[in-house]
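Spelled out, the chains give:
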Amino acid sequence: MINLENSYLEKVLLTISIYNKDSKLVGGLLSEELTFGTKRKLQKIHKAAYEKYTEFVADKEKLAKEFKDKPEELEKEFQELLKEKVKLDVEPILLSALENVSTKNMYDFEIIEKIAM
């Protein structure tokens, strides 16, 4: 089980995988030399995070409609939505599975620590 604030969902998605306009994987942890098991866990985390992110975007759009004439209240509600915690019902990856990865990419270790144990 992974617990995250809504504010981290997009960062988690981008840390795991980045695709170009042709749907080709061009970055993220999934593009690294990892074991099959680690990649599978990352895919499961990505799928769960994407589902929650989709819900977050829908909630954000509802707020925008509801408070379209009240920008101060919209900002307050949006900040509360960002702080809301969600649970991803998936197993975290092992941090040790990433220790031997040799990469030139600079990953945000705060984000990696949120999806790893």
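A few points on the structure. Just so it is clear, the structure is predicted and the values come from calculations on it, not from any experiment.

Reading the values: the criteria
- Residues numbered from 1 in each chain as written.
- Predicted model: local features only at pLDDT ≥ 70, side-chain atom pairs only at ≥ 80, totals over all residues.
- Heavy atoms only, no water.
- Buried < 20%, exposed > 50% of the residue type's maximum accessible area, 1.4 Å probe, protein only.
- Helix = DSSP H or I, 4+ residues; strand = E, 2+ residues; numbered from the N terminus.
- Pairing = 2+ DSSP bridges.
- Salt bridge = Lys/Arg side-chain N within 4 Å of Asp/Glu carboxyl O.
- Axes fitted to C-alpha atoms, helices over the stretch in contact; angles between N-to-C directions.
- Left-handed = near helix turned anticlockwise from the far one by under 90°.
- Contact = heavy atoms within 4.5 Å.
- Nonpolar A, V, L, I, M, F, W, Y, C, P; charged D, E, K, R; others polar.
- Phe/Tyr/Trp six-rings, centres within 6.5 Å; stacked < 30°, edge-to-face > 60°.

**Considering the pairing of strand β1 (residues 2–5)**
(1) Moving on: Side-chain alternation along β1 places I2 and L4 on a buried face and N3 and E5 on a face that remains uncovered.
(2) Moving on: By the bridge criterion, four bridges tie β1 to strand β4 (residues 85–88) in an arrangement that is antiparallel. Directly across from L4, in β4, lies its bridge partner V86.

**Thoughts on the pattern of salt bridges**
(1) Moving on: Considering all chains together, one arrives at one salt bridge under this definition.
(2) Moving on: For E91, the salt bridge goes to K41, with nearest N and O atoms at 3.0 Å. Taken as a pair, E91 in the loop between β4 and α4 (109–115) and K41 in helix α2 (residues 36–66) lie far apart in primary sequence, 50 residues in all.

**What about the packing of helix α1 (residues 9–16) against α2?**
(1) Moving on: Viewed as axis vectors pointing N to C, α1 and α2 meet at an angle of 145°, and their least axial separation amounts to 9 Å. Of the two elements, α1 crosses α2, and the hand of that crossing is left-handed. In contact with L9, E10, V12, L13 and I16 of α1, α2 contributes L42, I45, H46, A49, Y50, K52, Y53 and F56.
(2) Moving on: Classifying every residue of the contact of α1 with α2 gives ten nonpolar, one polar and two charged.

**Section: the packing of aromatic side chains**
(1) Moving on: With the rule as written, the count across this model stands at two aromatic pairs.
(2) Moving on: For the ring pair Y53 and F56, a centre distance of 6.1 Å and an interplane angle of 40° mean the geometry is tilted. Residue Y53 and its partner F56 are both found in helix α2; the two are separated by three residues, about one turn of the helix.
(3) Moving on: For Y53, a relative accessible area of 21% translates into the label partly exposed.

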